Amino acid sequence: MYIANKPSFIEEKTLIKCGYNFVAGVDEAGRGALAGPVTAAAVIINCRGKDKAPWYEEIRDSKLLNPSRREYLYRHIEEASLSIGIGMATPDEIDSCGIVNAVRKAMKQAIELLTPAPDYLLIDYLNVPDVKLPQKGITYGDRLCFSIACASIIAKVSRDRFMCQLEEIYPGYNLAKHKGYGTKDHLSCLLRIGACPVHRRSFMPVRGMD
């Protein structure tokens, strides 16, 4: 199945024609990491205007962008959005309720911080049952849907910045470098000094390292 790398406004414009005014894209970052929170972002982008800013052409799924480009686009999204919400679920929450429920918890937090409140949600892959709004989970949403791609960038940059802060609190793991993912460097640090409070105890190979 071919998936376009450049997201479009098709979903948003269809919903606007149906009478929805504030359509939010929702995505997460950090689902597969061994340390740190899972972070979600919800973004309401103004997609009614005929003239699009040049940076719109550069929006992609955050995984397809290098760190400097994500930071650049983060600033533009922040300036152009009607509203942005960011939510996090801690490693303890991930361990206690599972990663999917933790992602939904972070998404719910992000959605509830939006002002104006959204009247429709476009979500990457999942739905969020605890949020009583009409919503659509879109497979490969961060590749296909502009608002979700913007949310993926906001979530990724926000989480990366937070992981750099955690590096100062828990030195020795190079968290600012690998952002908590299971790189060779990270695994080497874990084997050498063990897990710290921001590691996910339910994830292998962290499980049983205490």
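Residues numbered from 1 in each chain as written. Predicted model: local features only at pLDDT ≥ 70, side-chain atom pairs only at ≥ 80, totals over all residues. Heavy atoms only, no water.

Asker: Can you tell me about the packing of helix H2 (residues 67-80) against helix H6 (residues 146-169), naming the residues and giving the values?
Answerer: It is at 9 Å that the axes of H2 and H6 come closest, and there the two elements cross at 115°. In the crossing of H2 with H6, the sense of the turn from one axis to the other is left-handed. Counted together, Arg70, Glu71, Leu73, Tyr74 and Ile77 of H2 and Cys150, Ile153, Ile154, Lys156, Val157, Ser158, Asp160 and Arg161 of H6 form the full contact between these two elements. (Axes fitted to C-alpha atoms, helices over the stretch in contact; angles between N-to-C directions. Helix = DSSP H or I, 4+ residues; strand = E, 2+ residues; numbered from the N terminus. Left-handed = near helix turned anticlockwise from the far one by under 90°. Contact = heavy atoms within 4.5 Å.)

Asker: Break down unusual backbone geometry for me, citing the residues and quoting the values.
Answerer: Where the residue is not glycine, phi is negative for most of them; where a peptide bond is considered, it is trans in most cases. Pro116 follows Thr115 through a cis peptide bond whose omega is 5°. Tracing the backbone shows Pro116 in the loop between helix H4 (99-112) and strand S4 (120-124). With an omega dihedral of 5°, the bond running from Met204 to Pro205 counts as a cis peptide bond. Inspection of the secondary structure puts Pro205 in the segment after helix H8 (184-193). Here the phi dihedral of Tyr125 falls at roughly 70°; this positive angle occurs in a residue that is not glycine. Its place among the elements puts Tyr125 in the loop between S4 and strand S5 (135-138). Located in the positive-phi region is Tyr140, a residue other than glycine, with phi close to 60°. One can find Tyr140 in the loop between S5 and helix H5 (141-144).

Asker: Before we move on, could you go through the pattern of salt bridges and cite the residues and values that matter?
Answerer: As enumerated under the stated definition, the model contains twelve salt bridges in all. Between Glu11 and Lys136 there is a salt bridge whose closest N-O contact spans 3.0 Å. Note that Glu11 is positioned in helix H1 (residues 10-17) and Lys136 in strand S5, a separation of 125 residues in sequence. Residue Glu11 is classed as partly exposed on the basis of its relative accessible area, which comes to 23%. Among the salt bridges present, the one from Arg70 reaches Asp160, with a minimum N-O distance of 3.7 Å. (Salt bridge = Lys/Arg side-chain N within 4 Å of Asp/Glu carboxyl O. Buried < 20%, exposed > 50% of the residue type's maximum accessible area, 1.4 Å probe, protein only.)

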